[in-house]
Structures are given as structure tokens and as C-alpha cells.
Amino acid sequence: KCWSGMPTGLNIQEGIGGAPVVCDVDYRLIKMCTVSNDHSDKLNCDATIRGNKKSSFQRLPLPGSVLVLVDGVEVSYERAKYLLLVNESNQAHHGTYTLTFVEAASSLWQDVTTVNFVMSLKVTFIDDTNGRDMPVLRVCLSETTLTAKHGLGVQTELLSPRRPQLLTSAQNTHGNKCTLKAKLEADSFLVEYYNALINQWEPFIEPHFVGALFERRGGDSLYSGSSSIAIYDHVEKSKLNPNDFVCVNLSDAAVNILGKSFLNWKNWRQPMGNQESN
């Protein structure tokens, strides 16, 4: 329990799942604002189990503990930051408010696995059905970045997963499920076709930014899983340019070359299909 109008000395940051985590404590300030009859180093904190009875004890929070309740109400990071600011600056009202912390074991949060991969890639499709190797199509991805995260409380953009409940996760093994988030972005996505008449690669899709985002949250006995996927062609909406659009070049040469390659492949596959049916 703390006095209003006095600094608590708590420095909180946003943790996994948007939880307010104590990253630093000024114990001199927090002792001064703590309501205590014996003026000892005490503050409302978590409870322990002694035998079959639940015995409450009070002590100062340690760095790494999670602020879960303000005046008995569960709070997110933004809400906790706002309430601390209001209570610390409210010097006109000499009341009290309570802060409840949980020193959660790292096993409750689980690990967050992160994979980052950067590459440039070119894939060339070749027509060899007539006994010769003739390039047909080429897909180019430049400065391609793949980022994947898997764990409890992974920040998402499409889904709205529930924030991890540290007060109940130890008792309810089905309460917290991991989230998978994978993002693929290519600074330049280009598709070219080979014009054999002039022996040159010509653009079919002009170079353009492209990205894809996939998110998946596991289900349990109470909640079904959810998935979402998005494909986009801009980094940020604020950077949209009216002249920035996907340009597709559909010429007679492109239609002729791609159509002929498709017919060659279809004719090549037809005898194989007849043999399988026999």
C-alpha cells in the first residue's frame, strides 16, 4: 500500500504480452511512500503457500517482477503507467492505493524463439521438353528478409491474442498458448520472361516491394485456435505514393512465349498420363 502524491521509485517497462515489468527500483523512494506501521521494507506483494494454508506476506518488489493489480484491478502496461503517474502526482489527495506484484518464474513465460534470415534469390524456369534447355521465366527477390517468432505473448499485428495470465497460468496448463508470427518481405520482387527473338530478359512484373505476414495462435479446450495471413505491397501506409503501383507488362511476345511453353509442357505430360492409366 502506497501514499498518494509521493514517487514510488518504480521504473516499469512493457514486457511479454504487454505486461508491466519492473526493470529498476529506487528503494529509498519506495520505502518513503510505503504505508507501514513498523516502517520496515514491506509492500503488498504476492502470497505463498505454507502447508495447506495460504499465508500472505509483504515485501518490496524486485527487478523483474510483474505489476499485475492496481487497487485490485488487473492492468496492462499502458494502464499501469498512467495510474502510477496519476497517483504520484496527486498531492492534493492524501489517500492510499495498493500495488500487487508477482515474481513469476521464467518457466511460466516459456521461451520466445526468434529466427532472422536475409537473402537474395533468383529462380529460373527452363523448358527442356524439346531436347534443348530454353529459359522461360525468372523470379528475382532482392534483399529478402524472413523473420519468425514463436512463443508465449509474441506481439502480433493481425490477431489479438489474450495477454498471459500469470496469476492463473500455474494452475491452468491450457490457459496460455504460444503464438507463431512469420513475416517475409522483399525490397524488390521482379518477374522476367526470356524473349528468344532478341535473346534478352524482359520484365513481366516490374520491380516492386512485396511482403507477406502469417500469424497462428494455438487452441485449447476452452478456446479455438486462430490464423491470419496478409499479403501487401507497401512497407507503411504513410509512405503510399499515388504513382506507386504494380506494373505488369503483357505483350504479344510474352503471351506467345509463355503460351508456347505451357503447350509444350502439356504435350510432354500427356503421354506420361496415358502410360499411368494403362
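Remember, it's a predicted structure, so these values are computed and weren't measured experimentally.

Comments concerning the overall build of the chain
Helices and strands together make up the secondary structure of the chain, namely four helices and 14 strands. Counting across all 278 residues of the chain, residues that qualify as buried make up 30%. For the chain, contacts bridging at least 24 residues in sequence account for 67% of all contacts bridging at least 6.

A few points about the pattern of salt bridges
In the structure shown here, the tally under the stated rule is three salt bridges. One salt bridge in this structure joins K181 and E157, with 3.2 Å as the shortest N-O distance. Of this pair, K181 sits in strand β12 (residues 179–195) while E157 sits in the loop between β11 (134–151) and β12, placing them 24 residues apart in sequence. The exposure class assigned to K181 is buried, which follows from its relative accessible area of 16%. The exposure class assigned to E157 is partly exposed, which follows from its relative accessible area of 47%. We note a salt bridge from E157 to K183, for which the minimum N-O separation is 2.8 Å. With E157 in the loop between β11 and β12 and K183 in strand β12, the pair connects residues that are 26 residues apart, well separated along the chain. In this structure K183 comes out as partly exposed when scored by relative accessible area, which is 23%. Several salt bridges share partner residues, and in doing so they unite E157, K181 and K183 into one network.

Thoughts on the nonpolar core
Counting 18 residues, the largest nonpolar core has L10, L67 and L99 as its most contacted members. Considering each element in turn, this core owes the most residues, four residues, to helix α2 (residues 77–89). Residues V139, V191, Y193 and A254 belong to the second largest nonpolar core, which totals seven residues.

Looking at a nonpolar patch on the surface
Taken together, the side chains of F117, M119, L121, V123, F125, L146 and L184 define a hydrophobic patch exposed on the protein surface, amounting to about 550 Å² of accessible area. No other element matches strand β10 (residues 113–127), which puts five residues into the nonpolar patch. For L121, the location among the structural elements is in strand β10.

Observations regarding α2
The end-to-end C-alpha distance of α2 is 18 Å, a good match for the 18 Å that 13 residues give at a rise of 1.5 Å each. The secondary structure elements touched by the buried residues of α2 are β2 (10–14), β3 (20–25), β6 (66–70), β8 (96–97) and β9 (99–102).

Brief notes about the sheet that holds β11
As summarised here, the arrangement of the five strands in space is β10-β11-β12-β13-β14, forming an open sheet in which the pairing is antiparallel. Both outer strands of the open sheet, β10 and β14 (226–232), are each paired with one neighbouring strand and no more. Within this sheet the neighbouring strands show an average axis-to-axis angle of 15°, counted without direction.

Here's the deal with the packing of aromatic side chains
Scanning all chains against the criterion turns up two aromatic pairs. An angle of 65° between the planes, with centres 5.3 Å apart, marks the rings of Y194 and W201 as edge-to-face. A ring pair is formed by F209 and Y232, whose centres lie 6.4 Å apart and whose planes are at 35°; its orientation type is tilted. One end of the pair, F209, is in strand β13 (residues 200–217); the other, Y232, is in strand β14, and 23 residues separate them in sequence. Residue classification places F209 among the buried positions, given a relative accessible area of 12%. It is R138 that lies over the ring of W201; its NZ or CZ is 4.3 Å from the centre.

A closer look at the confidence of the model for the chain
Detailed reading of predicted coordinates is not advised where the pLDDT is low. Considering every residue of the chain, the mean pLDDT works out to 76; 71% of them sit at 70 or more. In the model, residues 37–57 has pLDDT below 50 throughout and makes 40 contacts with residues more than four positions away in sequence or in other chains.

The rules behind these values
- Counting restarts for each chain, with residues numbered from 1 along the sequence as it is written.
- In keeping with the model being predicted, local features are shown solely for residues with a pLDDT of at least 70 and side-chain atom pairs are shown and tallied solely at 80 or more, while totals for entire chains, interfaces and linings include all residues.
- The side-chain numbers reported here are obtained from all heavy atoms of the structure, hydrogens and water having been left aside.
- Under the DSSP-based scheme used, a helix requires at least four consecutive residues in state H or I and a strand at least two consecutive residues in state E, with every element numbered from the N terminus.
- Burial status follows relative accessibility: with a 1.4 Å probe on protein chains alone, a residue under 20% of its type maximum counts as buried, one over 50% as exposed, and anything between as partly exposed.
- By definition in these notes, contact holds between two residues if any of their heavy atoms fall within 4.5 Å.
- Here, a salt bridge means any Lys or Arg side-chain nitrogen found within 4 Å of an Asp or Glu carboxyl oxygen.
- Side-chain atoms within 4.5 Å are what join buried Ala, Val, Leu, Ile, Met, Phe, Trp, Tyr and Cys residues into a set we call a nonpolar core.
- Exposure above 30% relative accessible area and no salt bridge define the residues that can form patches, which grow by joining like charges within 9 Å and nonpolar side chains of Val, Leu, Ile, Met, Phe, Trp and Tyr within 5 Å.
- Values of accessible area rely on a 1.4 Å probe in the Shrake-Rupley scheme; residue burial ignores everything except the protein chains shown.
- By this rule the span expected of a helix is its residue count minus one, scaled by 1.5 Å.
- Here the rule is simple: two strands pair whenever DSSP picks up at least two bridges between them.
- Where helices are involved, their axes are fitted lines through C-alpha atoms of the stretch in contact, as for all axes, and angles between N-to-C directions lie from 0 to 180°.
- In summary, the pairing rule links any two rings of Phe, Tyr or Trp, Trp by its six-membered ring, whose centres are within 6.5 Å, and it sorts them by plane angle into stacked for under 30 degrees, edge-to-face for over 60 and tilted for everything else.
- When the NZ atom of lysine or the CZ atom of arginine is within 6 Å of a ring's centre and also within 35 degrees of its normal, the charge is said to sit over that ring.
- One number per residue, pLDDT, summarises how confident the predictor is, and it ranges from 0 to 100.

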